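# Residue-level structure breakdown
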Amino acid sequence: MKEVAELDSVDWHILEELQNDATIPNRTLAEIVGLAPSTCLQRVRRLRELGVITGCHAVVDPATTGLPLEAVVSVNVRPHNRPVTTAFRAFVMAQPETRSIFHVSGNADFLIHIAVADSAHLQAFLVDKLASRTEVRNLTSAVVLERVETRALTPPANLRPTHRRRRVDS
């Protein structure tokens, strides 16, 4: 399990702003969170060094790229051991249709979010790519009717820090 980073109220404010727009200029971010630009930059660097910020990416609408049909596929694999799950995860992530994969507990072993061109493409992905694998025991798919964007990660009110660190760690 990863070590939990100690975050104060300003760190969380920075994280919320960057999750909503990672392209925001440092000077603007500093102004919004009430810091000097140099202090803000130090805080962002610290958040990266601690592994809190792990990257930045563009959000792409699959429909505008010719992949308007999204689905969530539930998959069970057998045997459910580390070598099998690691290989299966690597295979799924190598497929261009895959948007994300979750290794989960419950009725399914994996939930795979995909984007495809149409129902024929969905069928080909399910039958030719997934069901043909020897470790796949069963799968079900659900077509996404509406995708609601992921929101910024924020702590629940009872866990939100109210304090501010006195100095930035070097």
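Scroll up to find the structure this text is about.
The following refers to the structure shown. Since the structure is predicted, the reported quantities are computational estimates derived from the model, not experimental observations. (Residues numbered from 1 in each chain as written. Predicted model: local features only at pLDDT ≥ 70, side-chain atom pairs only at ≥ 80, totals over all residues. Heavy atoms only, no water.)

Take the pairing of strand 3 (residues 110–116) next. Counting buried positions over the seven residues of strand 3 gives six, a clear majority of the element. Two strands pair when backbone bridges link them, and strand 1 (residues 69–77) and strand 3 are joined in this way by seven bridges, in the antiparallel orientation. Note that in strand 3 the partner of S74 across the bridge is L111. In this structure, strand 2 (residues 98–103) lies alongside strand 3, joined through five bridges in antiparallel fashion. In the strand pairing of strand 3, T98 is matched with I114. Taking the residues that link successive antiparallel strands as the turn, the strand 2-strand 3 hairpin has six residues, and the phi of G106 there is positive, at about 110°. (Buried < 20%, exposed > 50% of the residue type's maximum accessible area, 1.4 Å probe, protein only. Helix = DSSP H or I, 4+ residues; strand = E, 2+ residues; numbered from the N terminus. Pairing = 2+ DSSP bridges.)

So, about the side chain of D11. One can find D11 in helix 1 (residues 9–20). With a relative accessible area of 0%, D11 lands in the buried category. Looking at D11, its side chain comes within polar contact range of the side chain of R46, at 3.4 Å. Residues contacting D11, with those up to four places away along its chain left out, are E6, R43, R46, L47 and R165. (Polar contact = N/O pair within 3.5 Å; in protein donor to acceptor, adjacent residues only side chain to side chain. Contact = heavy atoms within 4.5 Å.)

Below, the discussion takes up the packing of helix 2 (residues 26–33) against helix 3 (residues 37–49). Packed helices, taken two at a time, are described by their axes: the angle between them and the distance between them. Taken N-terminus to C-terminus, the directions of helix 2 and helix 3 make an angle of 95°; their axes are 8 Å apart at the nearest point. As the angle between them shows, helix 2 and helix 3 are arranged roughly perpendicular. Residues N26, R27, L29, A30 and V33 of helix 2 lie in contact with helix 3, whose contacting residues are P37, C40, L41 and V44. Here the residues of the contact of helix 2 with helix 3 are counted per class, giving seven nonpolar, one polar and one charged. (Axes fitted to C-alpha atoms, helices over the stretch in contact; angles between N-to-C directions. Parallel < 35°, antiparallel > 145°, perpendicular 65-115°, else oblique. Nonpolar A, V, L, I, M, F, W, Y, C, P; charged D, E, K, R; others polar.)

Generally speaking, a soluble globular protein has its nonpolar side chains buried in company with each other. V75, F88, I112, I114 and L130 are the most contacted members of the largest nonpolar core, which has 18 residues in total. Secondary structure elements with two or more residues in this core: strand 1, helix 4 (82–93), strand 3 and helix 5 (119–130). A total of five residues in this core trace back to one element, the largest contributor, which is strand 1. One finds L7, L15, I24 and V44 within the second-largest nonpolar core, a separate group that totals 15 residues. (Core = buried A, V, L, I, M, F, W, Y, C linked by side-chain atoms within 4.5 Å.)

Attention now moves to helix 1. Taking 1.5 Å per residue as the helical rise, helix 1 with its twelve residues ought to reach 16 Å, and the 17 Å between its terminal C-alpha atoms agrees with that figure. Against helix 2 and helix 3 lie the buried residues of helix 1. (Expected span 1.5 Å × (residues − 1).)

Per the counting criterion, the structure on display carries ten salt bridges. One salt bridge in this structure joins D11 and R43, with 2.9 Å as the shortest N-O distance. On the criterion of sequence distance, the pair formed by D11 in helix 1 and R43 in helix 3 is long-range, its members being 32 residues apart. Accessibility assignment for this pair places D11 and R43 in one class, buried. For R46, the salt bridge goes to D11, with nearest N and O atoms at 3.4 Å. Of the two residues, R46 is situated in helix 3 and D11 in helix 1; the sequence distance between them amounts to 35 residues. The buried category is assigned to R46, whose relative accessible area is 7%. One salt-bridge network, held together by shared partners, links D61, E70, R99, R147 and E149. (Salt bridge = Lys/Arg side-chain N within 4 Å of Asp/Glu carboxyl O.)

All we've got here are geometric facts, nothing functional implied.
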